[in-house]
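Understanding the architecture of this molecule
Listed below are the residues making up each chain.
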Amino acid sequence: MANGTGAGGRRTALITGASGGIGLELARLFAAGGYDLVLVARSADKLEELAGELRLQGGAVRVLAKDLAKPESPEEVFRELEAAGVAVDVLVNNAGFATYGPFVEIDLGRELEELQLNVVTLTHLTKKLLPGMLARRRGGVLNLASTAGFQPGPLMAVYYATKAYVISFSEALAEELNGTGVTVSVLCPGPTATGFQRRAGMEASKLFSGMLQVADAAAVARAGYEGFHAGKRIVIPGLINKIGVQSIRLSPRALATRMVKRMQERRR
Ligand SMILES: NC(=O)c1ccc[n+]([C@@H]2O[C@H](COP(=O)([O-])OP(=O)(O)OC[C@H]3O[C@@H](n4cnc5c(N)ncnc54)[C@H](OP(=O)(O)O)[C@@H]3O)[C@@H](O)[C@H]2O)c1
């Protein structure tokens, strides 16, 4: 494994959005893999419940209840960890959400929170935690993007653009860090069964109401966990998603954008 536990003792992984969905499954995998954990999300009760479950694996589990859509939160997380003497080896930037509908109709406040959480907080946490990893010459960053990041997404214009940022940022950073002992991976799932669709109010879209296969959160998390430890830069779980991303790359951009709009429309 390019990036795992072993020499140097236990390692610590910080996972944002660990209270549900893919983040919760990632937390289970990191705990089973011998990591100590820092779990971050808003729902303190859900994080405490998960921490109780994961402590049975024998590792230390710390809970930080934070709203990561607030600009001051990444700095607070960093300071609290520093004060507690916790060194983060692996940062998993998983927390994210989507807004759905015509851009002109979506509430601006929600979109600004979406940009803050999916893009700014992810960048800010990486900025704060990367120097420690480089000093120790180990560990890395696992970012959650989406197959949505490979093309524009009418009716989810801001969300798709945030995920395009995450893919571009992750690949660039991975190249910058080549040879340092610190790696960066970006996990790009397709539609996955979590609370995500309900939160975005998009259960009625064709994409999520039977047109495409919806993946299991545990399987997606496992692909990300294994891909990160194998040092892969881009991890796309599932054959259909891999084929989809390749065919989008070969399609005229305007055609791909029109096809996405059709899939994002509500089912009549
Ligand atoms: N599900 C899919 O179809 C899919 C596909 C591709 C990519 N993804 C990406 O995968 C990641 C995880 O999504 P998911 O499907 O697991 O979603 P989910 O089930 O809705 O879980 C989202 C997680 O993020 C946390 N979160 C949301 N807003 C937050 C905030 N302001 N501050 C701190 N934590 C916050 C939530 O916890 P609290 O509510 O407790 O704060 C929860 O733990 C996201 O980046 C998403 O864009 C999802």
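Keep in mind the model is a prediction, meaning the values are calculated, not measured. (Residues numbered from 1 in each chain as written. Predicted model: local features only at pLDDT ≥ 70, side-chain atom pairs only at ≥ 80, totals over all residues. Heavy atoms only, no water.)

Details of the overall build of the protein
Heads up, the condition is: Strands here are runs of E lasting at least two residues and helices are runs of H or I lasting at least four, both read from the DSSP assignment and numbered beginning at the N terminus. Atoms counted for the radius of gyration: C-alpha only. Globule rule: 2.2 Å times residue count to the power 0.38. In this scheme, a residue with accessible area under 20% of its type's maximum is buried, one over 50% is exposed, and one in between is partly exposed, where area comes from a 1.4 Å probe on protein chains only. In this description, contact between two residues means that some pair of their heavy atoms is separated by no more than 4.5 Å. Note on areas: Shrake-Rupley with a 1.4 Å probe; residue coverage comes only from the protein chains shown. The positive count covers Lys and Arg only, the negative count covers Asp and Glu only, and His and the chain ends enter neither. One atom stands in for each charge, and that atom is NZ of Lys, CZ of Arg, CG of Asp or CD of Glu.
The secondary structure content of the protein amounts to ten helices and nine strands. Computed over C-alpha atoms, the radius of gyration of the protein comes to 18 Å, within 12% of the 18 Å expected from 2.2 N^0.38 for 268 residues, which places it in the range of a compact globule. The principal-axis extents of the C-alpha atoms in the protein amount to approximately 55 × 40 × 30 Å. In the protein, which comprises 268 residues, the proportion classed as buried is 50%. Long-range pairs, those at least 24 residues apart, make up 71% of the contacts in the protein with a sequence separation of at least 6. For the protein, the accessible surface area stands at approximately 12400 Å², while carbon and sulfur atoms represent 55% of it. Across the protein, 32 positive and 25 negative side-chain charges occur, with their mean positions spaced 6 Å apart.

Focus: a positive patch on the surface
Condition: The residues that make up patches have over 30% relative accessible area and no salt bridge, and they are joined within 9 Å when like-charged or within 5 Å when they are Val, Leu, Ile, Met, Phe, Trp or Tyr. The rule for a salt bridge is simple: a side-chain nitrogen of Lys or Arg has to be within 4 Å of a carboxyl oxygen of Asp or Glu.
Side chains of R42, K46, R198 and R199 sit close together on the surface and give a patch of like positive charge. Structurally, R42 is set in the loop between β2 (36-41) and α2 (44-55).

Some points on a nonpolar patch on the surface
Together, L108, L112 and L115 make up a nonpolar patch on the protein surface, roughly 280 Å² of accessible area in all. Relative to the helices and strands, L108 is located in helix α4 (residues 108-136). With relative accessibility at 54%, the residue L108 sits in the exposed group.

Structural notes on the site of the ligand
Rules: By convention in this text, a residue qualifies as near a molecule or strand provided that one of its non-hydrogen atoms is within 4 Å of it. We call two N or O atoms a polar contact when they sit within 3.5 Å, provided that within protein one can donate a hydrogen and the other can accept it, with sequence-adjacent residues counted only if both atoms are side-chain atoms. Three classes are used: nonpolar for Ala, Val, Leu, Ile, Met, Phe, Trp, Tyr, Cys and Pro, charged for Asp, Glu, Lys and Arg, and polar for all others, with Gly counted as polar.
In the vicinity of the ligand lie 32 residues, with S19, R42, S43, Y159 and T194 positioned nearest. In the model, an oxygen atom of the ligand is placed 3.0 Å from a nitrogen or oxygen of the G17 main chain. The contact in question runs from a nitrogen atom of the ligand to an N or O atom on the backbone of L68, over 2.8 Å. Among the elements of the structure, α1 (21-32), α5 (157-176) and α6 (196-200) are those that each provide at least two residues to the shell around the ligand. Per-element tally for the shell around the ligand: the top contributor is α6, with three residues. In terms of residue class, the shell around the ligand is built from 14 nonpolar, 13 polar and five charged.

What about the pattern of salt bridges?
Counted under the stated rule, the structure contains twelve salt bridges. In this structure, E25 engages R28 in a salt bridge whose closest nitrogen and oxygen atoms are separated by 3.3 Å. Of this pair, E25 and R28 both sit in helix α1, three residues apart, roughly one helical turn. Looking at R28, the relative accessible area reads 31%, which means it is partly exposed. Linked through salt bridges whose partners overlap, the residues forming this network are E25, R28 and E53.

As for unusual backbone geometry
Negative phi characterises most residues that are not glycine, and trans characterises most peptide bonds. In this structure, R137 takes a positive phi of about 55° despite not being glycine. Mapped onto the fold, R137 is located in the loop between α4 and β5 (140-144). Positive phi outside glycine occurs at L155, with the angle close to 80°. Residue placement: L155 occurs in the loop between β5 and α5.

Thoughts on the environment of I234
Along the chain, I234 turns up in strand β9 (residues 234-235). Relative accessible area serves as the criterion here: at 25%, I234 is assigned to the partly exposed category. Along the primary structure I234 and I167 are separated by 67 residues, whereas in three dimensions their C-alpha atoms are 8.1 Å apart. With near-sequence residues (within four places) excluded, I234 lies in contact with F150, E171, V186 and C188.

Observations concerning the sheet that holds strand β3 (residues 61-65)
The line we're drawing: In this analysis, strands are considered paired if DSSP registers two or more bridges between them. Inter-axis angles, ranging from 0 to 180 degrees, are taken between N-to-C directions of lines fitted to C-alpha atoms, where helices are fitted over the stretch in contact.
One open sheet accounts for seven strands, arranged β3-β2-β1-β4-β5-β6-β9; its pairing is parallel. Bordering the open sheet on either side are β3 and β9, each of which pairs with just one other strand. Pairing of β5 with strand β6 (residues 183-187), which is carried by five bridges, proceeds in the parallel orientation. Counted as the bridge partner of V141 is V184 from β6. Along the sheet, α2 contacts β2 and β3; its crossing angle with β3, the most-contacted strand, is approximately 175°.

Treat this as a map of the structure, not an account of what it does.
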